[in-house]
Amino acid sequence: MSVTTEFLPIGILPDISTTFPVSSGTAGLTMTVPGMMAARSAPEVMLFPGLIDRRRIVLWLSLILLAGCLIAIMAPTFAVILLSGTLVGISLGAFWAMGLSVAVELGAKEKTHKAAAAVFARVRAAMILEIPMGSLVAE
């Protein structure tokens with residue numbers, strides 16, 4: 001879900017600009033804002049793993065992502081869409097900063113390479129399948 005949430009706006013920018021009366025360039029902020037927030041949150045989350053269990057952090061990040069998605073679903077204005085993008089960006093940046101280490105930590109030590117491969121295979125599959133499907137559904 002995280003990769004779809006991150007990249008789906010690319011395929012529906014024209015729909016965003018017609019649903020909310022904004023230009024195509026302004027609709028592009030739905031990609032820019034989450035990216036900026038991801039860049040900001042990624043380094044910050046690395047301060048917490050020594051203090052809090054990483055699995056708990058990933059759970060909270062997933063809940064933030066869910067909240068951002070729910071806000072986007074019910075957004076009455078473009079500003080609210082950008083607010084949801086802020087939450088999505090915070091969640092995704094922090095998740096990607098530590099998601100791989102959590103996957104490796106959860107797996108058996110002799111299979112860490114498979115855990116890492118599974119994470120990245122899922123990302124690639126989402127980019128190839130879920131984003132075009134999301135655009136098709138929006139169509």
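Source: prediction; values computed, not measured.

Looking at the overall build of the protein
- Counting its secondary structure elements, the protein contains six helices and zero strands.
- Within the span of the protein, comprising 139 residues, buried residues form 35% of the whole.
- Residue pairs at least 24 apart in sequence account for 69% of intrachain contacts in the protein once pairs closer than 6 positions are excluded.
- Of the roughly 8200 Å² of accessible surface on the protein, 72% is carried by carbon and sulfur atoms.
- Separation of charge centres in the protein, based on 9 positive and 8 negative side chains, amounts to 11 Å.

Here's the deal with the nonpolar core
- In this structure, Ile12, Ile16, Phe20, Val22, Ala27, Val33, Ala75, Phe78, Ile81 and Leu82 together form the largest nonpolar core, which totals ten residues.
- For this core, the elements supplying multiple residues, two or more each, are helix H1 (2-19) and helix H5 (78-106).
- Here Ile16 is in contact with Pro9, Val22, Ala27, Thr30 and Phe78, once residues within four sequence places are set aside.
- Core analysis: the second largest hydrophobic core is formed by five residues, Ile57, Leu61, Ala94 and Met98 among them.

Remarks on the confidence of the model for the protein
- Mean pLDDT for the protein: 83, with 94% of residues reaching 70 or above.
- Between the elements of the protein, mean pLDDT differs from a low of 76, seen in helix H6 (residues 112-138), to a high of 91, seen in helix H2 (residues 24-27).

A few points about the environment of Val88
- With respect to the helices and strands, the residue Val88 is situated in helix H5.
- Looking at Val88, the relative accessible area reads 6%, which means it is buried.
- For the pair formed by Val88 and Leu136, sequence separation is 48 residues and the distance between their alpha carbons is 22 Å.
- Other than its neighbours up to four places away in sequence, Val88 contacts Thr5, Leu65, Gly68 and Cys69.

Regarding the environment of Leu106
- Mapped onto the elements, Leu106 comes out in helix H5.
- Relative accessible area serves as the criterion here: at 55%, Leu106 is assigned to the exposed category.
- With 84 residues separating them in the primary sequence, Leu106 and Val22 have C-alpha atoms 44 Å apart.

Brief notes about the pattern of salt bridges
- Summed over the entire model, instances satisfying the criterion amount to one salt bridge.
- Notably, a salt bridge pairs Glu44 with Arg40, separated by 2.7 Å at the nearest N-O pair. Of the two residues, Glu44 and Arg40 both sit in helix H3 (residues 29-45), four residues apart, roughly one turn of that helix.
- We classify Glu44 as partly exposed; its relative accessible area is 34%.

Overview of helix H4 (residues 54-73)
- Relative to the 28 Å expected for 20 residues at 1.5 Å per residue, H4 spans 29 Å between its end C-alpha atoms, a close match to the ideal helical length.
- Along H4, the positions that sit buried rather than exposed are Ile57, Val58, Leu61, Leu65, Gly68 and Cys69. Axial view of H4: buried residues confined to an arc of 115°, hence all on one face. In H4, the exposed positions angled more than 90 degrees off the buried face are occupied by Arg56, Trp60 and Ile73.

What counts and how
Residues numbered from 1 in each chain as written. Predicted model: local features only at pLDDT ≥ 70, side-chain atom pairs only at ≥ 80, totals over all residues. Heavy atoms only, no water. Helix = DSSP H or I, 4+ residues; strand = E, 2+ residues; numbered from the N terminus. Buried < 20%, exposed > 50% of the residue type's maximum accessible area, 1.4 Å probe, protein only. Contact = heavy atoms within 4.5 Å. Areas by Shrake-Rupley, 256 points an atom, 1.4 Å probe, with all protein chains shown as cover. Lys, Arg positive; Asp, Glu negative; His and termini not counted. Charge placed at Lys NZ, Arg CZ, Asp CG, Glu CD. Core = buried A, V, L, I, M, F, W, Y, C linked by side-chain atoms within 4.5 Å. pLDDT = per-residue confidence, 0-100. Salt bridge = Lys/Arg side-chain N within 4 Å of Asp/Glu carboxyl O. Expected span 1.5 Å × (residues − 1). Arc of directions from axis to C-beta.

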